[in-house]
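The chain contents come next:
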Amino acid sequence: MKPPAFKYVAAGSVEEATARLAEYGDDARPIAGGQSLVPMMNFRLVSPAVLVDIRRIAPPDAIEEADGHVRVGALTRHRALETSPLVRERFPVLAAAMGHVAHLAIRNRGTIGGSLCHADPAAELPALAVLLDARIHTASCSGERIVEAGSFFEGALWTALEDGEIVTRIDFPLLRPGTGWGFREFARRHGDFALAGAAATVTGSAGRAVEVRIALFGVGETPVRATAAEALLTGTGLEPDAVAAAVDALRNAIDPDDDLHASAEYRRHLAGVMAERALGDAWARVGAGAGGGAA
Amino acid sequence: MERIDIGLTVNGVRHERQVEPRRLLSDFLREDLGLTGTHVGCEHGVCGACTVLLDGDSARSCLTFAVQCDGASVRTVEGLGAPGALHPLQESFRRHHALQCGFCTPGMLMTALDLLAKYPLATDDEIREGLSGNLCRCTGYVNIVNAIRETAAARGDDTG
Ligand SMILES: Cc1cc2nc3c(=O)[nH]c(=O)nc-3n(C[C@H](O)[C@H](O)[C@H](O)COP(=O)(O)OP(=O)(O)OC[C@H]3O[C@@H](n4cnc5c(N)ncnc54)[C@H](O)[C@@H]3O)c2cc1C
Ligand code: FES
Ligand code: FES
């Protein structure tokens, strides 16, 4: 179908974007890459009266390292994150995950800010933000704030953003040396939203896991950290029985939905399998790195 | 309804037009410029028929408003080759019988062009993964993969 009529406003700066959003209130929406918003408008699921184009409010594809973080501008495209040498060096898990987002033509246009704000429960980037304790910088007419990724996602397609507030930047705190990573998802076809997926980081020292992080997606309203499983694995050498106990804990902690594509029970099973594999990859990478982990 | 002035280059030709904000790039190309080579299937990003190159990168023209393309450079299948002077990729599609009804072909070609520019395409898995966002209801994909594999291999020898 065709999208409903709307008024188009191109903003040239963060100040202009937030001023316009405040001016038009509830009727207005920002548009970045349009890769989630335009399909919803074509389906007439949403019909904003005003679109504020924010693509020119900041330089595109801004990725830099500063103060112990990799900072990614909200207008950075998926494809730029996937191919950035800095991201590949500092956050290979992020680069690997981006390769699973949609198809090249969509990654060429879709932005990091758009993916976070759209907040699809099966999307990769929100899960990675939660995994990596990212800090989401926002701006509105009433000022700027920083929201921890862990409290940004409030429900399916629902975030902590207030009306008229936009995301400007995402900061990823650097990983500690000796950290391995894993990313696994299962989708029916490459580029489709995953039925379930898991991302993990494990920091090893002297053959023990000193810090374990696991994030799951596609298993509920929002991406979630598997905190019980993380606690069970911390201090272990990720022996098979420790991993099995953690996977059980993680399956018990989630509440996936039934839908056309998979039953809740299948998703619960799949989440465990994906997490187990991601943990295995992460632990192997600790061993392969200089940090000294798995023997 | 309010209309907005835009200017963009399509296949090397500059066009100035007034468009409604809700005009999709796909409809702009087809209806306003008469370039009906770009096909429209699903209008929500899943079939790939409408894929064009936007500032050099493949993009879904059905998920892009024409107003967002002010100042941009667009390449459509009409800019690829002409009857009697096909692009090597089109030539390869023809040779391998990589199309039947042809509905998906413009999107396949524009997608493949971007894949060839950005990926090694050393294995069939990689080619199939790259085409996962383009649906074909006729060929069963085998001949499309064959055509792209041959073009990818030839790329090493010449410019591609
Ligand atoms: C066929 C298809 C397959 C896909 N598959 C996947 C997939 O496998 N995994 C995945 O993660 N995604 C997938 N996507 C979604 C894709 O990643 C989108 O690009 C992304 O979710 C949105 O980014 P965008 O810049 O295009 O946002 P837009 O569509 O422009 O905006 C999305 C929403 O966020 C708001 N918004 C955008 N930017 C900001 C900002 N800076 N501040 C505040 N609000 C903002 C908009 O108002 C809108 O509500 C798919 C999309 C399609 C069409
Ligand atoms: S018409 Fe654009 S992807 Fe189907
Ligand atoms: S040739 Fe008919 S859809 Fe591909």
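Predicted, not measured: the structure shown is a model, and the values here were computed from it.

The rules behind the values
Residues numbered from 1 in each chain as written. Chains lettered and ligands numbered in written order. Predicted model: local features only at pLDDT ≥ 70, side-chain atom pairs only at ≥ 80, totals over all residues. Heavy atoms only, no water. Axes fitted to C-alpha atoms, helices over the stretch in contact; angles between N-to-C directions. Helix = DSSP H or I, 4+ residues; strand = E, 2+ residues; numbered from the N terminus. Left-handed = near helix turned anticlockwise from the far one by under 90°. Contact = heavy atoms within 4.5 Å. Nonpolar A, V, L, I, M, F, W, Y, C, P; charged D, E, K, R; others polar. 1 Å grid on protein atoms, 1.4 Å probe; cavity = no way out; pocket = protein on both sides within 12 Å on 5 of 7 lines; lining within 4 Å. Points joined across faces, edges and corners; volume = space filled by probe spheres on them. Pairing = 2+ DSSP bridges. Buried < 20%, exposed > 50% of the residue type's maximum accessible area, 1.4 Å probe, protein only. Arc of directions from axis to C-beta. Phe/Tyr/Trp six-rings, centres within 6.5 Å; stacked < 30°, edge-to-face > 60°. Lys NZ or Arg CZ within 6 Å of the ring centre and 35° of its normal.

This paragraph deals with the packing of helix α10 (residues 240–253) of chain A against helix α11 (residues 264–288) of chain A. Residues and elements named next belong to chain A. Across the interface, α10 lies against α11 with an axial gap of 9 Å and an inter-helix angle of 145°. Crossing geometry of α10 relative to α11 is assigned as right-handed. Only R268, H269, A271, G272, V273, A275 and E276 of α11 make contact with α10, whose side of the interface consists of V243, V247, L250 and R251. Here the contact of α10 with α11 is composed, by residue class, of 6 nonpolar, 2 polar and 3 charged.

Attention now moves to the layout of surface pockets. Reported here for the second largest pocket is a volume of approximately 430 Å³. Lining the second largest pocket are 21 residues, and of these R55(A), R56(A), P60(A), R77(A) and R109(A) sit closest to its centre.

Once that is clear, we can look at the sheet that holds strand β4 (residues 57–60) of chain B. Residue and element names in this part refer to chain B. The mixed open sheet is built from 5 strands, whose spatial order is β2-β1-β5-β3-β4. Either end of the sheet is taken by a strand with one partner, and the two such strands are β2 (13–19) and β4. Averaged over all pairs of adjacent strands, the angle between their axes in this sheet comes to 40°, without regard to strand direction. Of the pairings in the sheet, the one linking strand β3 (residues 51–54) to β4 comprises 4 bridges and is antiparallel in character. Paired with L53 across the strands is S58, a residue of β4.

Residue and element names in this part refer to chain A. Looking at helix α1 (residues 14–24), one finds that the buried residues are A17, T18 and L21. Viewed along the axis of α1, the buried residues span an arc of 90°, placing them on a single side of the element. Exposed positions of α1 whose direction lies more than 90 degrees from the buried face are E15 and E23. On its buried face, α1 is in contact with β2 (28–31), β3 (50–53), β6 (135–140) and β10 (166–173). G25 lies just past α1 and shows a positive phi near 60°.

Bringing the packing of aromatic side chains into the picture now. Residues and elements named next belong to chain A. Counting across every chain of the model gives 4 aromatic pairs over all chains. Considering the side-chain rings of F183 and F217, the 5.8 Å spacing of their centres and the 15° angle between planes classify their relative orientation as stacked. Here F217 lies in strand β13 (residues 208–217) and F183 lies in strand β11 (residues 179–186), a separation of 34 residues in the sequence. Assigned by exposure class, F183 and F217 land together as buried. Positioned above the aromatic ring of W181 is the side chain of R285, whose terminal nitrogen or guanidinium carbon lies 3.7 Å from the ring centre.

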